[in-house]
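# Summary of the model geometry
Letter by letter, the chains look like this.
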Amino acid sequence: MADTEYCRRTAVTGLSVSPTDATRLRELVAEWKRGCQLAVNEAWGVCHTRSEVQQLTYDRLREETALGSQHAVLATHRAAEAIKRARKREGQKPEFTTPTVAFDTRTMTVFDDRTVSLTTTGERVRCDLKLPADGGYQSQYLDDEEWEPAKSTLHYRDGEFDFHVGFRTPKPAIDPPTEGATVLGVDLGVENLAVTSTAQFFDAGELNHRREEFERVQASLEATGTRSAARTLRQTGNRLDRFVRQRLHEVANGIVAEAERYDCELVAFGERNEVVEMLPEAGPFQEWLFERLLSFVEYRAAERGIAVVEVNPEYTSQRCMECGFTHPQNRNLDENQFECLKCEASAHDDYNAAKNIAFRCVRRGPLSSRGLGAAACALQSGLVTPDDGFTPYAELSEAPRSD
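Residues numbered from 1 in each chain as written. Predicted model: local features only at pLDDT ≥ 70, side-chain atom pairs only at ≥ 80, totals over all residues. Heavy atoms only, no water.

### Here we look at the nonpolar core
Counting 42 residues, the largest nonpolar core has Leu 193, Ile 255, Val 267, Phe 269 and Leu 293 as the members making the most contacts within it. Elements that contribute at least two residues to this core include exactly β8 (181-188), β9 (192-196), α5 (205-224), α6 (227-261), β11 (266-270), α8 (284-303) and β16 (374-378). The biggest single contributor to this core is α6, with ten residues. Ile 255 has contacts with Leu 184, Val 186, Ala 194, Phe 202, Val 267, Phe 269, Leu 293 and Val 297, leaving out every residue within four places of it along the chain. Leu 15, Val 29, Val 110 and Val 165 belong to the second-largest nonpolar core, a separate cluster that totals 41 residues. (Core = buried A, V, L, I, M, F, W, Y, C linked by side-chain atoms within 4.5 Å. Buried < 20%, exposed > 50% of the residue type's maximum accessible area, 1.4 Å probe, protein only. Helix = DSSP H or I, 4+ residues; strand = E, 2+ residues; numbered from the N terminus. Contact = heavy atoms within 4.5 Å.)

The following block contains the structure:
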């Protein structure tokens, strides 16, 4: 099954690590950073895809680091991802300083007794997962056989280890959209996490504010360097994680509710990797938000028989939905406003992009071998089709309820 056919979740937990195992894990962290940097140094300006970087640098990592074979592969993949992001943003060569290590099912095993076995540069270590007394939200994934362990990440900070355990489950099977289906477009962004083609805005202000506050607290506590500061930092981080998850659930529920309200059988997002690369102000935090949000929407939408697709977002922020004229200067980035240079139509730039994403889903053609797919875009006041143009809801047999 293709990797894109899974829903994903992440359960964050501490690790109970013995002094001996802690030394082994710290050695792994150091070698991982060194291996990723070696791969970047060799591949920078030469290649950037996973397969190319792996072929070019794998042997060197095996010769010059203590990484095992699979961790060497994962390090080349991480290097490729970093190079690709830097190239898209015309940035400098990446430097690996963050004390994290990626794991997959070949390098880790999660056991039913709430322990995890991890590959290191030497012997494997087996550690207890430090869960809340009531099991926490993590238990719903650890105890449910439908969720299987997947790519995970080890984090080391101030003498403590956290493990971000990845889980995945196949996306629920749903019937292909029927002929004449209506699509809801969703634009992702930094100031507004999501905006729909029906003009529903989901603000990211509080998410960004809390993240910035955490980073300031993090810098102060790390400078203090005491055990008490490390404990406070962990507690602060856990509170942020809970808030972010809750907000993402709210936004996902809101998007699905909007699709149901407008009788949409499809929800279309811009391809999230491309979206991140098109947003110069977006960082790893936004990239993670987009990935989680899409996963949450996919799972909830499937339960209601609504399909979720991704379309190429290129030029959706520059194209006028009214006349089709496309130009970078149609957008006023300082005022978040779209105003067409040709027909003078104006709208919030995120709203205009969401409408274009929906329209692109219609224009790209059939979504299945039976020729079925989207035929109309749901807007705030009516439906848009390539052939019939705009039809107000008042002229349709079934109109959504008014605001």
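### A short note on the packing of aromatic side chains
For the coordinates displayed, the defined rule picks out five aromatic pairs. Each ring, one from Phe 103 and one from Phe 163, has its centre 5.8 Å from the other, and the planes form 75 degrees; the classification is edge-to-face. Remark: Phe 163 occurs in strand β7 (residues 160-170) and Phe 103 occurs in strand β2 (residues 100-103); sequence separation between them is 60 residues. Assessed through its relative accessible area of 0%, Phe 103 is described here as buried. Here Phe 163 falls in the buried class, since its relative accessible area comes to 0%. Relative to Phe 161, the ring of Tyr 156 has its centre 4.6 Å away and its plane inclined at 40 degrees; by these criteria the two rings are tilted. Over the ring of Tyr 299 we find Arg 9; its NZ or CZ atom is 5.5 Å from the centre of that ring. (Phe/Tyr/Trp six-rings, centres within 6.5 Å; stacked < 30°, edge-to-face > 60°. Lys NZ or Arg CZ within 6 Å of the ring centre and 35° of its normal.)

### Structural notes on unusual backbone geometry
The phi dihedral of Arg 114 is positive, around 65 degrees, even though this residue is not glycine. If you trace the backbone, Arg 114 turns up in the loop between β3 (108-110) and β4 (115-118). Take Arg 114: its relative accessible area is 23%, and that puts it in the partly exposed class. Residue Ala 199 is not a glycine yet carries a positive backbone phi of 70 degrees. If you trace the backbone, Ala 199 turns up in the loop between β9 and β10 (201-203).

### So, the confidence of the model for the protein
Reading predicted coordinates in detail is not appropriate for stretches of low pLDDT. Residues with a pLDDT of 70 or more make up 89% of the protein, whose mean pLDDT is 84. For the protein, the element scoring lowest by mean pLDDT is strand β13 (residues 331-332), at 69; β3 scores highest, at 97. Within the model, pLDDT remains below 50 along residues 368-372, and this stretch shows eight contacts once partners closer than five positions in the same chain are excluded. (pLDDT = per-residue confidence, 0-100.)

### Focus on the side chain of Thr 182
Note on placement: Thr 182 falls in strand β8. Filtering out sequence-adjacent residues up to four positions away, Thr 182 remains in contact with Tyr 262, Asp 263, Cys 264, Glu 265, Leu 266, Ala 376, Cys 377, Ala 378 and Leu 383.

### A look at the packing of α5 against α6
Contact geometry of α5 with α6 gives a least axis separation of 10 Å together with a crossing angle of 170 degrees. One finds that α5 runs roughly antiparallel with respect to α6. For the pair α5 and α6, the contacting residues are Glu 206, Leu 207, Arg 210, Arg 211, Phe 214, Gln 218, Leu 221, Glu 222 and Thr 224 in the first and Ala 229, Thr 232, Leu 233, Thr 236, Gly 237, Leu 240, Phe 243, Val 244 and Arg 247 in the second. Taken together, the residues that form the contact of α5 with α6 break down as eight nonpolar, five polar and five charged. (Axes fitted to C-alpha atoms, helices over the stretch in contact; angles between N-to-C directions. Parallel < 35°, antiparallel > 145°, perpendicular 65-115°, else oblique. Nonpolar A, V, L, I, M, F, W, Y, C, P; charged D, E, K, R; others polar.)

### Looking at the side chain of His 71
Residue position: His 71 is located in helix α3 (residues 69-88). Since its relative accessible area comes to 2%, His 71 is described here as buried. For His 71, the residues in contact, after removing those within four places along its chain, are Leu 28, Trp 32, Val 101, Ala 102, Phe 103, Thr 107 and Thr 119.

### Points about the sheet that holds β7
Sheet strands pair via backbone hydrogen bonds, and the direction of the pair is either parallel or antiparallel. Taken in spatial order, the seven strands of this open sheet run β2-β6-β7-β1-β5-β4-β3, and their pairing is antiparallel. The open sheet has two edge strands, β2 and β3, and neither has a second partner. Taking each pair of neighbouring strands and ignoring which way they run, the sheet shows an average axis angle of 30 degrees. Across eight bridges, the pairing between strand β6 (residues 148-157) and β7 is antiparallel. For His 155, the partnering residue across the bridge sits in β7 and is Asp 162. (Pairing = 2+ DSSP bridges.)

### Let's talk about the state of the cysteines
Counted according to the given criterion, the structure contains zero disulfides. Cysteine Cys 264 is unpaired, with the sulfur of Cys 377 as its nearest cysteine sulfur at 9.4 Å. (Disulfide = S-S within 2.5 Å.)

### Description of the pairing of β4
Side chains Thr 115 and Ser 117 project from β4 onto one buried face, and the interleaved Val 116 and Leu 118 project onto a second face that is buried too. Summarising the sheet, β3 and β4 pair through three bridges and their orientation is antiparallel. Counted as the bridge partner of Thr 109 is Ser 117 from β4. Hairpin geometry of β3 and β4 is characterised by an intervening segment of four residues between the two adjacent antiparallel strands and by a positive phi of about 65 degrees at Arg 114. Remark: six residues form the turn of the hairpin made by β4 and strand β5 (residues 125-130), two consecutive strands paired antiparallel.

### Some points on the pattern of salt bridges
Here the structure, examined in full by the defined rule, presents 18 salt bridges. The shortest N-O distance in the salt bridge between Glu 81 and Arg 50 comes to 2.4 Å. Linking Glu 81 in helix α3 with Arg 50 in helix α2 (residues 50-64), this pair joins segments that are 31 residues apart in sequence. A salt bridge links Arg 78 to Glu 81, with the nearest nitrogen and oxygen atoms 3.6 Å apart. Of this pair, Arg 78 and Glu 81 are both found in helix α3, three residues apart, which corresponds to roughly one turn of the helix. The partly exposed category is assigned to Glu 81, whose relative accessible area is 22%. A network of salt bridges, in which partner residues are shared, links Arg 50, Arg 78, Glu 81 and Lys 151. (Salt bridge = Lys/Arg side-chain N within 4 Å of Asp/Glu carboxyl O.)

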